[in-house]
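# Secondary and tertiary structure notes
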Amino acid sequence: MREERNWKPLKAGAFMQTIGPIEMARDADGGSLFALETTEAHANLLGLVHGGTITALLDQVIATVAWNAADRAPCVTVQMDTRFVGASEPGTRLEARAVLRQKTGSMLFLDAEVVDGKRSIALASAVMKIIRKTM
């Protein structure tokens, strides 16, 4: 059963709308929590949620948290390592969160997780670069 939160649609661009909508809410710690309701459209040939769907969700969650940590400056993914530690069936609500581990002048280092209920499905570590306009 879906925990009651103040879920709102996340405006994440045209590509993410092809797998979404993605929703966002605040968690108990004041961080951001993201969710995706999966359907048969997210299935691979094995009948499980496709790894590309999960990876796209992770990248979007990481990018959103990085954007906020960079005072809403654009950020791009330099590297993202994904580890699939479980599987999920279509029809499942996936929830994800990312945590900023370190910030330097122009780089952000983050970790993220996708869960299916209480089960971890995927973990990721990412390096994001802050893109600042130069004049």
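Please refer to the structure higher up on the page.
Residues numbered from 1 in each chain as written. Predicted model: local features only at pLDDT ≥ 70, side-chain atom pairs only at ≥ 80, totals over all residues. Heavy atoms only, no water.

This paragraph deals with the overall build of the chain. The helix and strand inventory of the chain stands at two helices and seven strands. For the chain, the N- to C-terminal ordering of α and β elements is β-α-β-β-α-β-β-β-β. For the chain, the C-alpha atoms occupy an extent of roughly 50 × 30 × 25 Å along the three principal directions. The buried share among the 135 residues of the chain stands at 39%. Restricting the contact set of the chain to residue pairs at least 6 apart, pairs at least 24 apart contribute 59%. For the chain, the accessible area works out to roughly 8,000 Å², and carbon and sulfur atoms hold 55% of it. Averaging the coordinates of the 16 positive side-chain charges in the chain and doing the same for the 15 negative ones gives two points 9 Å apart. (Helix = DSSP H or I, 4+ residues; strand = E, 2+ residues; numbered from the N terminus. Buried < 20%, exposed > 50% of the residue type's maximum accessible area, 1.4 Å probe, protein only. Contact = heavy atoms within 4.5 Å. Areas by Shrake-Rupley, 256 points an atom, 1.4 Å probe, with all protein chains shown as cover. Lys, Arg positive; Asp, Glu negative; His and termini not counted. Charge placed at Lys NZ, Arg CZ, Asp CG, Glu CD.)

One recurring pattern in soluble globular proteins is that nonpolar side chains are buried together. The biggest cluster of nonpolar side chains holds 33 residues, and the ones touching the most others in it are Ile54, Leu57, Ile62, Leu108 and Val114. Elements supplying a minimum of two residues to this core: helix 1 (13–19), strand 3 (32–37), helix 2 (51–69), strand 5 (93–103), strand 6 (107–116) and strand 7 (119–130). Excluding residues within four positions of it along the chain, Ile54 makes contact with Val49, Phe84, Leu94, Val114, Ile121 and Ala122. (Core = buried A, V, L, I, M, F, W, Y, C linked by side-chain atoms within 4.5 Å.)

Within this structure, the stated rule accounts for five salt bridges. Taking the shortest distance from any N to any O, the salt bridge between Arg93 and Glu95 comes out at 3.5 Å. Counted as one network, the salt bridges with shared partners bring together Glu23, Glu37, Arg93 and Glu95. (Salt bridge = Lys/Arg side-chain N within 4 Å of Asp/Glu carboxyl O.)

Moving on to the environment of Asp81. As for its position among the elements, Asp81 is in strand 4 (residues 75–84). Of the residues examined, Asp81 reaches a relative accessible area of 37% and is grouped as partly exposed. With 46 residues separating them in the primary sequence, Asp81 and Val127 have C-alpha atoms 9.2 Å apart. Excluding residues that lie within four positions of it along the chain, Asp81 makes contacts with Leu123, Ala124 and Ser125. A polar contact is formed between the side chain of Asp81 and the side chain of Gln79, at a distance of 3.0 Å. (Polar contact = N/O pair within 3.5 Å; in protein donor to acceptor, adjacent residues only side chain to side chain.)

A word on unusual backbone geometry. The omega torsion across Gly20 and Pro21 is 20°, close enough to zero to call that bond cis. Its location among the elements puts Pro21 in the loop between helix 1 and strand 2 (22–26). Although it is not a glycine, Arg72 adopts a positive phi angle of roughly 65°.

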